[in-house]
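# Architecture at a glance
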Amino acid sequence: MSLPLDDLEQRIALTRPGDTVRGLSFAAVLQLTHQRLGRDAAERLRAPLMQRSPVDFFSYPAVDFLRLMGFASEALQPAYGTREAALRACGEAIVGTFFESTVGQTLLRLTAGAGDPKRMYSNAPASYATAVSYGQREYQALGDKRVRLTFKGDLLPVQVHEGILGGVLGALHREGHVRGTERCLGDSEFLIEWA
């Protein structure tokens, strides 16, 4: 299976031996593949990376997650039209799976009651720090309905984060959009606005 991300090897080169991703992210991408392409396709993606299904709160090598994203974006591209749309769908699946978990449900209850996405996004740096062991994220409020998140030392394509961050608005039942800009490989910025 080819690795379609043009910069996948460069992203892998950025990883350090201890860089990890929680199993929930692996499981979400594999579940999305299963739903869209069937069980056999999901198994073909998982098999080269791990012997059995990932456990949500176990940590797995970030290199394997990057490879999974490469495999998944290639496999899902026909279903979504473009590789970028497939990567966004993977991000949406990750945040959707998180919000289905007990921890995610609790976070939604605590923040959704106020109906303010800023509260949810202000927690993004801490949330990401529990999901991955690498990178730094900063939050900045830009007004009542606009925030900026800055990522440094991150390994994933911008489109994955656009899907994750846009999925938060969906979980809160808010209309809006997320625009990501990659400053250089590993450093990006996300402008999030909502109605």
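Preceding block: the structure.
So, here's what we can say about the structure.

On to the packing of aromatic side chains. In this structure the tally under the stated criterion is six aromatic pairs. On the basis of an interplanar angle of 65° and a centroid distance of 5.1 Å, the ring pair of phenylalanine 26 and phenylalanine 65 is categorised as edge-to-face. Separated by 39 residues along the polypeptide, phenylalanine 26 in helix H2 (residues 23-37) and phenylalanine 65 in helix H4 (residues 62-80) bring together distant segments of the chain. The exposure classification of phenylalanine 26 matches that of phenylalanine 65, with both residues buried. Through pairs of rings, three or more aromatic residues link up here, namely Phe26, Tyr60 and Phe65. Here the basic side chain of arginine 36 rests over the ring of tyrosine 80, its NZ or CZ set 4.5 Å away from the ring centre. The ring centre of phenylalanine 151 lies 5.5 Å from the NZ or CZ of arginine 137, which sits over that ring.

A few words now on the pattern of salt bridges. Counted under the stated rule, the structure contains ten salt bridges. The partner of arginine 11 in a salt bridge is glutamate 182, and the shortest N-O contact between them spans 2.9 Å. Of this pair, arginine 11 sits in helix H1 (residues 8-14) while glutamate 182 sits in strand E5 (residues 176-184), placing them 171 residues apart in sequence. With a relative accessible area of 2%, arginine 11 lands in the buried category. Given the relative accessible area of 34%, glutamate 182 is considered partly exposed. A salt bridge links arginine 137 to aspartate 154; its shortest N-O distance comes to 2.6 Å. One end of the pair, arginine 137, is in strand E3 (residues 136-143); the other, aspartate 154, is in the loop between strand E4 (146-152) and helix H9 (158-171), and 17 residues separate them in sequence. Looking at arginine 137, the relative accessible area reads 9%, which means it is buried. Taken together, the shared-partner salt bridges connect Asp7, Arg11 and Glu182 into one network.

About the thresholds
- Residues numbered from 1 in each chain as written.
- Predicted model: local features only at pLDDT ≥ 70, side-chain atom pairs only at ≥ 80, totals over all residues.
- Heavy atoms only, no water.
- Phe/Tyr/Trp six-rings, centres within 6.5 Å; stacked < 30°, edge-to-face > 60°.
- Helix = DSSP H or I, 4+ residues; strand = E, 2+ residues; numbered from the N terminus.
- Buried < 20%, exposed > 50% of the residue type's maximum accessible area, 1.4 Å probe, protein only.
- Lys NZ or Arg CZ within 6 Å of the ring centre and 35° of its normal.
- Salt bridge = Lys/Arg side-chain N within 4 Å of Asp/Glu carboxyl O.

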